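# Structural description and commentary
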Amino acid sequence: MKTRSVPIALASILVAASPATAACQVGSDFRGLGAFLDSLMVSEGVPGISFAVFNDESILYEHVGGVKNRQTGEPVDPETVFEAASISKTVFAYTVLSLVLDGAVDLDEPLARMVQDIPEVGYDPRAASLTPRILLSHQGGLPNWRSRLRFEAQSYSELFDEGDTLRFVADPGAEYRYSGEGFVLLQRVIEEHAGTRVGELIQRRVFRPLDMRRSSFLFDSRVRDNASFGHNAEGEPDKWIIGVPLASSTLHTTASDLARFGVELASQLHDHGPYSTLATPQVEVASDGDWSLNWGLGLGIIDDGSRTWVYHGGNNVIFIADFVYCVDDNLGYVLLTNSSNGQRVVEALERRVFGKAIPR
């Protein structure tokens, strides 16, 4: 198994010296962390990974290992693109908030005032109460998905079979219900309202400013030349290609690109910048004693009484990903895996980095 680690010496010294990171378990032993990940790949049957550690100033460490495709044996390198799955939602929420900060969108404006016809659910009177804030915090009352997506789709109208109607499963604003459909609905409204497709909006407002050159919401020429296949639990490779960019789930990226986004988010949280609104609780999901899980705008927020994490996981079945930042430790990581077995790596990595499994 081929691996490559890229330690950044100055950053490593800063992490080791900072009192804010005393609670975390990594310290400056990044070489040990790489070996730990390599052993997990073998023990858990994960063909390849891309991993990066960041704080509010920079990327501290990168490590890649394994292969892009178990059949071909071609090694993963730092430029290899993986699917980030639902971490797409966090990047999209950041994009929407950028429009809010520019005065182009109001988080609390009903969608019915933003577009002439609300896509998919306009037939239901409850759609009149939908707003960007409600959808970004999973309070839209919509299911995660109505049924299986049609991968051959080239337009929104082709994503689901004819007659497969999107229906509310709860009243908007009544409760938390995780929903990919809600993000795609908001995507379509934002596109019509802004007069720009979501891929270009995100390029302008996130990827280009943050120098995320290996990131796209489509499996296009920007990422296709060096992309990983996913693998099922038995290690068989596959790649599902959807021809429509989905704010919910089609982000293709590298760990270093996504860590650049993490640096920006971390700096906003530490400086109480305008984008820290993403991590402001909007709805309680669960609580037990000192522990609580709330949802913000495209981010989960976990507080165990001593530390706070913001996060989003990703699961596109044959790609498992994790994006998590501990505000109190000022330390976060990005993990991208190309296997349905990747969740076991996520759980072990959390214990190694933060000293405990994060309750979520």
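Data block above holds the structure.
Basis of the calculations
- Residues numbered from 1 in each chain as written.
- Predicted model: local features only at pLDDT ≥ 70, side-chain atom pairs only at ≥ 80, totals over all residues.
- Heavy atoms only, no water.
- Helix = DSSP H or I, 4+ residues; strand = E, 2+ residues; numbered from the N terminus.
- Rg over C-alpha atoms; globule rule 2.2 N^0.38 Å.
- Buried < 20%, exposed > 50% of the residue type's maximum accessible area, 1.4 Å probe, protein only.
- Contact = heavy atoms within 4.5 Å.
- Areas by Shrake-Rupley, 256 points an atom, 1.4 Å probe, with all protein chains shown as cover.
- Axes fitted to C-alpha atoms, helices over the stretch in contact; angles between N-to-C directions.
- Left-handed = near helix turned anticlockwise from the far one by under 90°.
- Nonpolar A, V, L, I, M, F, W, Y, C, P; charged D, E, K, R; others polar.
- Phe/Tyr/Trp six-rings, centres within 6.5 Å; stacked < 30°, edge-to-face > 60°.
- Lys NZ or Arg CZ within 6 Å of the ring centre and 35° of its normal.
- Pairing = 2+ DSSP bridges.

## Let's talk about the overall build of the chain
When you go through the chain residue by residue, the secondary structure sums to ten helices and 13 strands. A compact globule built from 360 residues would reach a C-alpha radius of gyration of about 21 Å, and the chain, at 20 Å, matches this within 12%. Here the C-alpha coordinates of the chain stretch approximately 55 × 45 × 35 Å along the principal axes. Among the 360 residues that make up the chain, the fraction classed as buried is 58%. Counting contacts in the chain only where the partners sit at least 6 residues apart, residues at least 24 apart contribute 67% of the total. When the accessible surface of the chain is summed, it comes to about 14,300 Å², and 47% of that surface belongs to carbon and sulfur atoms.

## Quick notes on the packing of helix α3 (residues 88-101) against helix α6 (residues 180-194)
With their axes 12 Å apart at the nearest point, α3 and α6 run at an angle of 35 degrees to one another. The interaxial crossing formed by α3 with α6 has left-handed handedness. Contact residues: Lys89, Phe92, Val96 and Leu99 in α3; Gly180, Phe183, Leu186, Gln187 and Ile190 in α6. Of the residues belonging to the contact of α3 with α6, the class tally is six nonpolar, two polar and one charged.

## A few points about the environment of Pro143
By the secondary structure assignment, Pro143 is in the loop between α5 (132-136) and α6. Assessed through its relative accessible area of 16%, Pro143 is described here as buried. Residues Pro143 and Val169, spaced 26 residues apart in sequence, show a C-alpha to C-alpha distance of 6.4 Å. Beyond its immediate sequence surroundings of up to four residues, Pro143 is in contact with Leu166, Arg167, Val169, Tyr178, Ser179, Gly180 and Glu181.

## Regarding the packing of aromatic side chains
Centre distance and the angle of the planes are the two values used to describe a pair of aromatic rings. The tally for this structure, following the rule as stated, stands at 16 aromatic pairs. Ring geometry for Tyr333 versus Phe354: centroids 6.0 Å apart, planes at 25 degrees, classification stacked. Taken together, the residues span a long stretch of sequence, with Tyr333 in strand β13 (residues 331-337) and Phe354 in helix α10 (residues 342-354) at a distance of 21 residues. Both residues of the pair, Tyr333 and Phe354, belong to the buried class. Connected via pairs of aromatic rings, a cluster forms that spans Phe54, Tyr94, Phe261, Tyr275, Phe323 and Tyr325. Looking at Arg146, its charged tip hangs above the ring of Phe160, at a distance of 3.9 Å from the centre. Sitting over the ring of Phe219, Lys239 keeps its end group 4.6 Å from the ring centre.

## A look at the pairing of strand β2 (residues 48-54)
For β2, the tally of buried residues reaches seven of seven residues, placing the bulk of the element in the interior. By the alternation rule, side chains of β2 split into Gly48, Ser50, Ala52 and Phe54 and Ile49, Phe51 and Val53, which are all buried. Sheet topology note: the β2/strand β3 (residues 59-66) ladder contains seven bridges and is antiparallel. What sits directly across from Ala52, in β3, is Glu62. Taken together, β2 and the strand that follows it, β3, pair antiparallel across an intervening segment of four residues.

## With respect to the side chain of Glu181
Tracing the chain through its elements places Glu181 in helix α6. Residue classification places Glu181 among the buried positions, given a relative accessible area of 3%. The residues contacting Glu181, other than those within four sequence positions of it, are Pro143, Asn144, Trp145, Arg146, Phe160 and Leu166.

Keep in mind that these numbers describe shape and distance, not what the molecule does.
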